[in-house]
Amino acid sequence: MNLPGPAPVGSERQPALTPIRTLIYTVAYDERGKNAQALMARILTASLHRCGYCGDIAVFHNQRHALFEHGRRGLTEIRISARDLPREPWRRTPHRLKFTVRQLLDFSFYDWVLFLDADCLALRDPTPLLKGKETILFQTEPAMPIQWQQFNGYLTQSEMRSLKIDGVNSGSLAVSGNCFGAVMEEWDRIDQTMPARGD
């Protein structure tokens, strides 16, 4: 028996019942004629099920056909077409989809929403990590200071001198459900501003 996945915008369908209502989503956006990201998303989804994750999963992709021939428990596939996307260089599209997909799915049912890059692999159920009163949970890059080029685009000169923390990995990010829309909207706004340094 296949349990329903997360509800598209406008639907009244309820998510799978779990102790806390969680959604994990990933983006698999491939160049035309290729499917590397889609294959990685399949592996990620399978690994989540194999490690005992019981929440919902959403996979946003641009393949012509479904990634899974048969339905999976709590899984929803959402196909993205060029019409859904802003006009911008292709190389920025996968990055921006992390936060622009908030417009394509109703996330309001969930206590926690976790984004994972498609090339992630689940070794254990991540649900026990999604707790506490924090709004955002993230993973830092050990021994990679936030002043390094891949992290420092929006830091002020004062922050460049004073911060003593590692850079943040944007490939895994959990946001409490009641704040998800606002956090992603702010990320989108910041991303459209000119960075202080780099490209």
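It should be noted that the structure appears before, not after, this text.
About the criteria used
- Residues numbered from 1 in each chain as written.
- Predicted model: local features only at pLDDT ≥ 70, side-chain atom pairs only at ≥ 80, totals over all residues.
- Heavy atoms only, no water.
- Salt bridge = Lys/Arg side-chain N within 4 Å of Asp/Glu carboxyl O.
- Helix = DSSP H or I, 4+ residues; strand = E, 2+ residues; numbered from the N terminus.
- Pairing = 2+ DSSP bridges.
- Axes fitted to C-alpha atoms, helices over the stretch in contact; angles between N-to-C directions.
- Contact = heavy atoms within 4.5 Å.
- Patch = residues over 30% accessible without salt bridge, like charges linked within 9 Å, V, L, I, M, F, W, Y side chains within 5 Å.
- Areas by Shrake-Rupley, 256 points an atom, 1.4 Å probe, with all protein chains shown as cover.
- Buried < 20%, exposed > 50% of the residue type's maximum accessible area, 1.4 Å probe, protein only.
- Lys, Arg positive; Asp, Glu negative; His and termini not counted.
- Polar contact = N/O pair within 3.5 Å; in protein donor to acceptor, adjacent residues only side chain to side chain.
- Expected span 1.5 Å × (residues − 1).
- Core = buried A, V, L, I, M, F, W, Y, C linked by side-chain atoms within 4.5 Å.
- Arc of directions from axis to C-beta.
- Phe/Tyr/Trp six-rings, centres within 6.5 Å; stacked < 30°, edge-to-face > 60°.
- Lys NZ or Arg CZ within 6 Å of the ring centre and 35° of its normal.

Asks: Which residues make up the pattern of salt bridges, and what values do they have?
Replies: By the definition in use, this model includes six salt bridges. Salt-bridge contacts for Asp188 lead to Arg96; the nearest nitrogen and oxygen are separated by 3.0 Å. You can see Asp188 sitting in helix H4 (residues 180–191) and its partner Arg96 sitting in helix H2 (residues 93–100), a full 92 residues away along the chain.

Asks: Quick one: what's the story with unusual backbone geometry, residue by residue and with numbers?
Replies: With glycine set apart, most residues show a phi of negative sign, and most peptide bonds adopt trans. Here the phi dihedral of Ala143 falls at roughly 60°; this positive angle occurs in a residue that is not glycine. With respect to the element layout, Ala143 can be found in strand E5 (residues 136–145).

Asks: Could you give me a rundown of the sheet that holds E5, with the residues and numbers involved?
Replies: The six strands lie next to each other as E3-E2-E1-E4-E6-E5, forming an open sheet whose pairing is mixed. Single-partner strands in this sheet number two, and they are strand E3 (75–79) and E5. The sheet shows a mean angle of 20° between the axes of neighbouring strands, taken without regard to direction. Relative to strand E1 (residues 22–28), helix H1 (residues 36–50) is tilted by about 160°, and along the sheet it contacts E1, strand E2 (56–61), E3 and strand E4 (112–116). Running at roughly 145° to strand E6 (residues 166–176), H4 makes contact with E1, E4, E5 and E6 of the sheet.

Asks: I'd love a proper account of a nonpolar patch on the surface, names of residues and values included.
Replies: On the surface, Ile43, Leu121 and Leu123 cluster together into a nonpolar patch covering about 350 Å² of accessible area. For Leu123, the location among the structural elements is in the loop between E4 and E5. Judged by its relative accessible area of 70%, Leu123 falls in the exposed class.

Asks: Residues and numbers for the side chain of Asp30, please.
Replies: Structurally, Asp30 is set in the loop between E1 and H1. Buried charge Asp30 goes without a salt bridge, the closest partner of opposite sign being Lys34 at 8.2 Å. A distance of 2.8 Å separates a polar side-chain atom of Asp30 from the backbone nitrogen of Gln37. Looking at Asp30, its side chain comes within polar contact range of the main-chain nitrogen of Ala38, at 3.0 Å.

Asks: A description of H1 should follow, citing residues and the corresponding values.
Replies: Think of an α-helix as 3.6 residues a turn; residues three or four steps apart then line up on the same face. For H1, built from 15 residues, the straight-helix expectation of 21 Å at 1.5 Å per residue is met to within 8% by its first-to-last C-alpha distance of 21 Å. When H1 is considered as a whole, its buried residues turn out to be Ala38, Ala41, Leu44, Thr45, Ser47, Leu48 and His49. Buried-residue contacts for H1 involve E1, E2, E3 and E4. In the stretch just after H1, Gly52 is the one whose phi turns positive, near 95°.

Asks: Pulling in residues and values, what's your account of the nonpolar core?
Replies: Among the nonpolar cores identified, the biggest contains 22 residues, and Tyr25, Phe60, Phe107 and Met184 are the most heavily contacted of them. Secondary-structure elements contributing two or more residues to this core are E1, E2, H2, E4, E6 and H4.

Asks: Could you give me a rundown of the environment of Gly33, with the residues and numbers involved?
Replies: Counting through the fold element by element, Gly33 comes out in the loop between E1 and H1. Given a relative accessible area of 83%, Gly33 falls into the exposed group. Separated by 31 residues in the primary sequence, Gly33 and Arg64 have C-alpha atoms spaced 9.9 Å apart.

Asks: Can you explain H4? Please cite residues and give values.
Replies: In this model, H4 (twelve residues) spans 16 Å end to end at C-alpha, consistent with the 16 Å of a helix rising 1.5 Å per residue. Listed as buried for H4 are Phe180, Val183, Met184, Asp188 and Asp191. Buried residues of H4, seen end-on, are gathered within an arc of 135° and therefore sit on one face of the element.

Asks: How would you summarise the packing of aromatic side chains if you had to cite specific residues and measurements?
Replies: Considering all chains together, one arrives at six aromatic pairs under this definition. Note on Tyr25 and Phe115: the rings are 5.2 Å apart at their centroids and 55° apart in plane angle, and the pair reads as tilted. Of this pair, Tyr25 sits in strand E1 while Phe115 sits in strand E4; the two residues are 90 residues apart in sequence, bridging distant segments of the chain. As far as the burial class goes, Tyr25 and Phe115 line up, both buried. Between Tyr25 and Phe180, the aromatic rings sit 5.9 Å apart at their centres with planes inclined by 90°, giving edge-to-face as the arrangement. You can see Tyr25 sitting in strand E1 and its partner Phe180 sitting in helix H4, a full 155 residues away along the chain. Overall, the relative accessible area of 2% leaves Phe180 in the buried class. Stacked on the ring of Phe68, the Lys or Arg Arg42 has its end atom at 5.1 Å from the ring centre.

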